[in-house]
Amino acid sequence: MKVAFIGTGAMGSLLIDAFLRSGALLPQNICASNRSPSKAKRLAQRHPGLRAYSSNAEAAQGSKIVFLCIKPLDYPDVIAEIRDVLDEKQIVVSITSPVQIETLEAAIPSKIAKIIPSITHSVHSGASLCIYGGRIRPEDRLLLEQLMSSISTPITLKESETRIASDLSSCGPAFVAHMLQLWAESAAELTGIGYAEAIALGSEMLLGTGKLLTEGGLNPEQLIERVAVPGGVTAEGIAVLDSSLREVFARLIDTTHRKYDDDISKLHALFHPAIPDALPSSSDHAPSCPEREAPFAGVKPPDGSGAASIF
Ligand SMILES: NC(=O)c1ccc[n+]([C@@H]2O[C@H](COP(=O)([O-])OP(=O)(O)OC[C@H]3O[C@@H](n4cnc5c(N)ncnc54)[C@H](O)[C@@H]3O)[C@@H](O)[C@H]2O)c1
């Protein structure tokens, strides 16, 4: 079975490397193409058997699954290039949040899914966000979730939840890494500890905290209660965070949702140049205020170990 990756930048290459490392795909299963073909060729050199194409249509033709690993505004060109070689049996997966499933369903005959990955999949970790179009059948969903289970924890959600869920799972690693940077910079500046040492300590702490909140069976409230002993230093620190961070997160969510809406508008104009507005926006999905309660479906997929090639 062929699986195509169109766009082999940061995320396309990461997915290919991770699927191969997990054993879920073999190099001979994979076709890759990229606007600058040298990137796809480098992957073929790294993984003998993988086929690199200079044409997106050639990569897509005959592939059971076609991953589109390109940026939002590159979609119209790529769709125009591959439309004629796609059929209704193929599954086209967009890894890009603002590209709406209904836009792709209107443009191509294939079954459409949106799967938003995360850099954490390179260490076989993190949630992949799975959103399915109306043409996806249960067996297609099983296939995609088996594949994604080999490198991540697939979580099914509604398209309206894409932005906030992606903030947490896909942008989140960068947000948390930035918080750690600032914390380590302040630590180095105010106390004299080395920046590298502070980063190392913080990174080990993040790893352990993630484990406690997943396999360790603790929720944030329980974890805080165990750490913040009454009258101790942690409780004082949490009071400081509480008074400052709520506003920061409100602004963060507002900003990412504005950017999302902006991308949706630009895409709409590119896909439908003559049709004015009536677009979905993040405000259709959730209030653009901090008190949103994301109604996260959180449906766990069937258990696919993905240890062996599933194709
Ligand atoms: N990087 C992440 O952590 C992450 C996480 C989740 C989702 N995403 C989404 O994945 C998408 C790609 O992100 P990225 O970080 O890999 O970006 P990137 O810029 O590293 O990669 C995009 C690749 O697409 C190629 N490309 C552009 N136009 C093309 C065309 N017409 N035909 C073939 N290839 C073309 C570019 O040459 C580039 O190699 C974005 O929409 C992003 O939102 C990224």
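Residues numbered from 1 in each chain as written. Predicted model: local features only at pLDDT ≥ 70, side-chain atom pairs only at ≥ 80, totals over all residues. Heavy atoms only, no water.

### A word on the nonpolar core
Consideration 1: The biggest cluster of nonpolar side chains holds 31 residues, and the ones touching the most others in it are F5, F19, F67 and L144.
Consideration 2: A total of five residues in this core trace back to one element, the largest contributor, which is helix 1 (residues 10–22).
Consideration 3: Apart from residues lying up to four places away in sequence, L144 is in contact with I65, I91, V93, A113, I115, Y132 and I136. (Core = buried A, V, L, I, M, F, W, Y, C linked by side-chain atoms within 4.5 Å. Buried < 20%, exposed > 50% of the residue type's maximum accessible area, 1.4 Å probe, protein only. Helix = DSSP H or I, 4+ residues; strand = E, 2+ residues; numbered from the N terminus. Contact = heavy atoms within 4.5 Å.)

### Notes on the site of the ligand
Consideration 1: In the vicinity of the ligand there are 20 residues, among which A10, M11, N34, R35 and K39 approach most closely.
Consideration 2: I70 is positioned with one of its backbone polar atoms (N or O) 3.0 Å from an oxygen atom of the ligand.
Consideration 3: Computed on the free molecule, the ligand has an accessible area of 830 Å², of which 79% lies beneath the protein chains in the complex.
Consideration 4: Cavity membership is defined here by more than half of the atoms lying within 2 Å of grid points; on that basis the ligand lies in the second largest pocket.
Consideration 5: Considering only residue class, the shell around the ligand consists of nine nonpolar, seven polar and four charged. (Near = heavy atom within 4 Å. Polar contact = N/O pair within 3.5 Å; in protein donor to acceptor, adjacent residues only side chain to side chain. Areas by Shrake-Rupley, 256 points an atom, 1.4 Å probe, with all protein chains shown as cover. 1 Å grid on protein atoms, 1.4 Å probe; cavity = no way out; pocket = protein on both sides within 12 Å on 5 of 7 lines; lining within 4 Å. Sits in = over half its atoms within 2 Å of the grid points. Nonpolar A, V, L, I, M, F, W, Y, C, P; charged D, E, K, R; others polar.)

### Details of the UniProt feature "domain: Pyrroline-5-carboxylate reductase catalytic N-terminal" (unreviewed entry) in the protein chain
Consideration 1: Here the UniProt-annotated "domain: Pyrroline-5-carboxylate reductase catalytic N-terminal" (unreviewed entry) positions come out as residues 2–97.
Consideration 2: The span residues 2–97 is 38% helix and 20% strand, and its two end C-alpha atoms sit 24 Å from each other. (UniProt positions renumbered as here; feature names shortened; annotations may be inferred.)

### Quick notes on the sheet that holds strand 3 (residues 51–53)
Consideration 1: Spatial strand order, 3-2-1-4-5-6-7-8: eight strands in an open sheet with mixed pairing. Each edge of the open sheet is held by one strand with a lone partner, namely strand 3 and strand 8 (153–156). Taking the axes of each pair of neighbouring strands and ignoring which way they run, one obtains an average angle of 25° across the sheet.
Consideration 2: By the bridge criterion, four bridges tie strand 1 (residues 3–6) to strand 2 (residues 30–33) in an arrangement that is parallel. Residue pairing in the sheet places F5 in a bridge with A32 of strand 2. (Pairing = 2+ DSSP bridges. Axes fitted to C-alpha atoms, helices over the stretch in contact; angles between N-to-C directions.)

### Some words on the pairing of strand 1
Consideration 1: Both faces of strand 1 are covered, namely the face carrying V3 and F5 and the face carrying A4 and I6.
Consideration 2: Across four bridges, strand 1 lies against strand 4 (residues 65–68) in parallel orientation. Paired with A4 across the strands is V66, a residue of strand 4.

### Thoughts on the layout of surface pockets
Consideration 1: In this model, the second largest pocket occupies a volume close to 860 Å³.
Consideration 2: Around the second largest pocket sit 33 residues that line it, and C69, I70, K71, P72 and T96 are the ones nearest its centre.
Consideration 3: Mapped by element, the contributors of at least two residues to the lining of the second largest pocket are helix 1, helix 4 (75–82) and helix 7 (162–191).
Consideration 4: The dominant element in the lining of the second largest pocket, judged by the number of residues it contributes, is helix 7, at four residues.
Consideration 5: For the lining of the second largest pocket, the residue count by class is 13 nonpolar, 13 polar and seven charged. (Points joined across faces, edges and corners; volume = space filled by probe spheres on them.)

### Some thoughts on the UniProt feature "domain: Pyrroline-5-carboxylate reductase dimerisation" (unreviewed entry) in the protein chain
Consideration 1: Mapped onto this numbering, the UniProt entry annotates "domain: Pyrroline-5-carboxylate reductase dimerisation" (unreviewed entry) at residues 159–260.
Consideration 2: Counting secondary structure, residues 159–260 comes out at 83% helix and 0% strand; the distance between its end C-alpha atoms is 13 Å.

### So, the environment of Y260
Consideration 1: Its place among the elements puts Y260 in helix 10 (residues 233–271).
Consideration 2: On the basis of relative accessibility, which here comes to 2%, the residue Y260 falls in the buried class.
Consideration 3: Note: C-alpha distance between Y260 and E236 (24 residues apart in sequence) is 36 Å.

### Observations regarding the pattern of salt bridges
Consideration 1: Scanning all chains against the criterion turns up 13 salt bridges.
Consideration 2: The closest approach of N and O atoms between E139 and R137, which form a salt bridge, is 3.0 Å.
Consideration 3: With relative accessibility at 47%, the residue R137 sits in the partly exposed group. (Salt bridge = Lys/Arg side-chain N within 4 Å of Asp/Glu carboxyl O.)

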